[in-house]
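Below, each chain spelled out in residue letters.
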Amino acid sequence: MTSSASFSYFQGAQNITTGSLTFNNNISVCDALQYLHQHCATGAMHNSDERFPPPSCHPGTRQVALDLIIGWYSQKKRPKKPFMWVHAPAGYGKTTVAQTISNQLEGQTNGNFTPLGATIFFWRTSSNRNNPSHFVATLAYQFAMSIPELRPFIENAIKHDPMVVDKSLEVQLDRLIVQPFSSLQIDAMPNRLVVIDGLDECINSVAESRIEKKYAEDREHVQMRVLDLLNTLQSHRVPLSFLILSRSEPWIRRHFESEPFQDLVEVVDLYKVENHLNDVERYCRAEFSRIAKTLDYEPGEATEKWPSEEQMQALFRATQGHILYASTVIRHVDDPYDDPRQRLHEIITKPTAGVVHSTPFSSLHELYRQIMRSCPDSCRALLTQVIEEILACEWCFSQRTSISAALRLLDRISGRAPGRGMKVLRALHAVLRPVDGEDDAQDPNPRALDFFVHSSFAEFLENPQLSQHFSADRQQGYKRLSLGCIRCMSSITKQTIVFGSEEPEEGVRFAVMNWAWFWAVWKPVDEEEYLACLPKIFQMDLTASIVQALSLEPQWPLVKPFPIDLYTPGPGNLLFCSKPVAASNPLVQKGIAFIKSSVEDAFIYLLTTPSHLDSILSLERPAFRGEMSCYLWAVSTSVRVEAWGSERVLQALRVLRRGRHDLFVRVIQRVEDYWTSKIYEDSYLPQRKELLAYLHCDS
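The secondary structure content of the protein amounts to 30 helices and seven strands. Every one of the 699 residues in the protein was classed for burial, and the buried ones make up 56%. Excluding contacts between residues fewer than 6 apart, the proportion of contacts in the protein whose partners are at least 24 apart in sequence is 78%. Within the structure as shown, the protein displays about 30300 Å² of accessible surface, and the carbon and sulfur contribution to it stands at 52%.

Most of strand 3 (residues 83–87) is tucked away: five of the five residues are buried. Of the two faces of strand 3, the one holding Phe 83, Trp 85 and His 87 and the one holding Met 84 and Val 86 are both buried throughout. Two elements, strand 3 and strand 6 (residues 240–246), share five bridges in a ladder whose sense is parallel. Note on strand 6: the bridge partner recorded for His 87 is Ser 246. By the bridge criterion, five bridges tie strand 3 to strand 7 (residues 265–269) in an arrangement that is parallel.

Okay, helix 14 (residues 340–349) next. Among all positions in helix 14, only Pro 340, Arg 341, Arg 343, Leu 344 and Ile 347 are buried. Taken around the axis of helix 14, the buried residues stretch over an arc of 165 degrees, which confines them to a single face. Where helix 14 begins, the side chain of Asp 339 points an oxygen toward the backbone nitrogen of Arg 341, at a separation of 3.0 Å.

Along its 16 residues, helix 22 (residues 506–521) runs 23 Å from first to last C-alpha, staying within 8% of the 22 Å computed at 1.5 Å per residue. Along its length, helix 22 shows its largest kink, about 50 degrees, at Asn 514. The element helix 22 is extensively covered by neighbouring structure, given that 14 of its 16 residues are classed as buried. For helix 22, the N-terminal capping position is held by Glu 505, with its side-chain oxygen 2.8 Å away from the main-chain nitrogen of Gly 507.

Spatial strand order, 4-5-6-3-7: five strands in an open sheet with parallel pairing. At either end of the open sheet lies a strand with only one pairing partner, and these are strand 4 (116–121) and strand 7. Strand after strand, the sheet turns through a mean of 15 degrees between neighbouring axes, direction not considered. Here helix 2 (residues 63–72) sits on the sheet in contact with strand 3, strand 5 (192–197), strand 6 and strand 7, set at roughly 170 degrees to strand 3.

With that settled, the discussion passes to a nonpolar patch on the surface. Taken together, the side chains of Val 64, Leu 68 and Val 273 make up a nonpolar region of the molecular surface, amounting to roughly 190 Å² of accessible area. Here Val 273 lies in helix 10 (residues 270–273).

Counting through the fold element by element, Ala 381 comes out in helix 16 (residues 380–392). When the C-alpha atoms of Ala 381 and Phe 470 are compared, they prove to be 9.6 Å apart, with 89 residues separating the residues in sequence.

As a further point, take the nonpolar core. With 134 residues, the main nonpolar core has Phe 288, Phe 397, Leu 425, Leu 428, Trp 515, Trp 519 and Phe 624 as its most contacted residues. For Leu 425, the contacting residues outside a window of four places in its chain are Leu 383, Val 386, Ile 387, Ile 390, Leu 407 and Leu 432.

Assignment of secondary structure puts Ser 636 in helix 27 (residues 622–638). Leaving out residues up to four positions away in the same chain, Ser 636 has contacts with Trp 644, Gln 687, Arg 688 and Leu 691.

A word on unusual backbone geometry. In this structure, Pro 53 follows Phe 52 across a cis peptide bond, with omega equal to -5 degrees. The linkage connecting Trp 306 with the following residue, Pro 307, adopts the cis geometry, with an omega of -10 degrees. The topology assignment puts Pro 307 in the loop between helix 11 (276–292) and helix 12 (309–319). A positive phi angle is found at Arg 62, which is not glycine, with a value near 55 degrees. Its identity as a non-glycine residue notwithstanding, Gln 468 has a phi of 55 degrees, on the positive side. Inspection of the secondary structure puts Gln 468 in the loop between helix 20 (464–467) and helix 21 (474–489).

Thresholds applied
- Residues numbered from 1 in each chain as written.
- Predicted model: local features only at pLDDT ≥ 70, side-chain atom pairs only at ≥ 80, totals over all residues.
- Heavy atoms only, no water.
- Helix = DSSP H or I, 4+ residues; strand = E, 2+ residues; numbered from the N terminus.
- Buried < 20%, exposed > 50% of the residue type's maximum accessible area, 1.4 Å probe, protein only.
- Contact = heavy atoms within 4.5 Å.
- Areas by Shrake-Rupley, 256 points an atom, 1.4 Å probe, with all protein chains shown as cover.
- Pairing = 2+ DSSP bridges.
- Arc of directions from axis to C-beta.
- Polar contact = N/O pair within 3.5 Å; in protein donor to acceptor, adjacent residues only side chain to side chain.
- Expected span 1.5 Å × (residues − 1).
- Bend = angle between axes of the 7 residues up to and from the residue.
- Axes fitted to C-alpha atoms, helices over the stretch in contact; angles between N-to-C directions.
- Patch = residues over 30% accessible without salt bridge, like charges linked within 9 Å, V, L, I, M, F, W, Y side chains within 5 Å.
- Salt bridge = Lys/Arg side-chain N within 4 Å of Asp/Glu carboxyl O.
- Core = buried A, V, L, I, M, F, W, Y, C linked by side-chain atoms within 4.5 Å.

See the structure below:
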């Protein structure tokens, strides 16, 4: 989870000690809570606006699980087993159970006591909710609200050391939660419930989760860390119980079965304990009754009961009790542009040959195939292309972007007629996210745009065994988008670059900010395919494109405009890293030289054009700061000191120092700040210091 606001540590502060420095700390009670609030992932709470409207159990469903949870939790004292782990496959209503329990307990608030201590709902595509960075602060803030007697001790912890929120999660847990509880007579306190939903959705930072080789290790590590933090908290016998809901990932199961959690966990298999068929029937009957009231009948047409009982029973059997399947059927049938009766008939009557019966999702996969079949054969190839591009650009848009706007931009990049992508996706109404854009303009940490209502649809599409001839290849999406971006960038020249508050055409903006990433992650089938595409890079003014990228404010900061590997001279260069081609290939060597010279020319252009440089620095463009810092770091670690005299960017910086010392100081200050804020190998610190000294001297 990522903080959604910034805070000045030293605003009116006194008596703060950090290292050998002492400041005066005078944070008021109100300021302390506000300060903690600003370091919380507020979107992760059960009643947050980010999650509105939150999913909850349809009345009368999931009753067994709800009763088990309420029966386990006790307000008088915490149960013998302080943890309850509710697990199930994707789409079986874990989050709806967590939300319903949270709502029920919140409704039982009586005076100063509320049985709901805190809630956190992780979500993998939200930068505010997909990592544990602010996990402890979010819990502490909610405890300060729900446990009045704890509030002053949490406030004092903040006032004593405002920087505690930047310390390790383990230290935060001790200072903000454990020590405040230790200051109270906890034996006499009533027990409260902490709800943690979607533990498997906690996958570390968004940026890191995008790197395939690190994703699996990171998500396991952070999920285990969250569990260990909770176990540490319960070991102090605090009056809290912990309800944790997640998929049954092997590493989560192993951790709950390990010695530290022995005899501490009540396990509930949601898939086994519930009568899912009854729940689905109750839900479907209510929803089809609602849809039936909206049907239009032609004059004289018989108005027999719909759906028939035979249809309903056939549907119930097909769901196999999978609530996600049922809800997807409802969404597919409830299409304002088609006849619900015909859609339901097709779902029930089409054969299910080829279904993988060994998986509990076989019915869902068959439903997905049915939805894909609803696209006319003449549009099937185009539909596949659009889906592949959606898969490839899953991190390129925030939820501030409407799906229709994102698809119009993909049309522009891919050379399609405007609106073509949205039109061909109309057949996928049942699995497209219903909210077309969200008003989160004030959220500095928006989550990624979810095109589909559930990740299982994307997983289905990328698994040929499940999707069969409907499968989509993400790599083809990377290839088309990288080449499409290059095509858009061919219109950029030094004369067309816009600076300051001006904005380029949206296709150009998208292209300059994303092309390098698409190229880096694309894995060509063979050398022939790769070498056929490589010459496209030489057809654009890459220097002008880089200058344009460095001049822009990122609208969605998950993708760096130009990865450092773009100008790395070694085997890590993105032109041939993970590509089926030898680094010694003449065309590859030409490409590396072209990109390196283009990057250098872009920096030199800005360093020798004071008006443009001053504009970028005044507007605090993060792309320029980050790329200049990465470039100088690469030079300091990979170029011999005696060769620095031939490095054109270094010489341009020295010329800038002599001609416009004020601009030089501003550039170097941003580089040093960037290096300080990032984690670089300590072994290279002397080289960086030596490089800075070189830039400051004339010899």
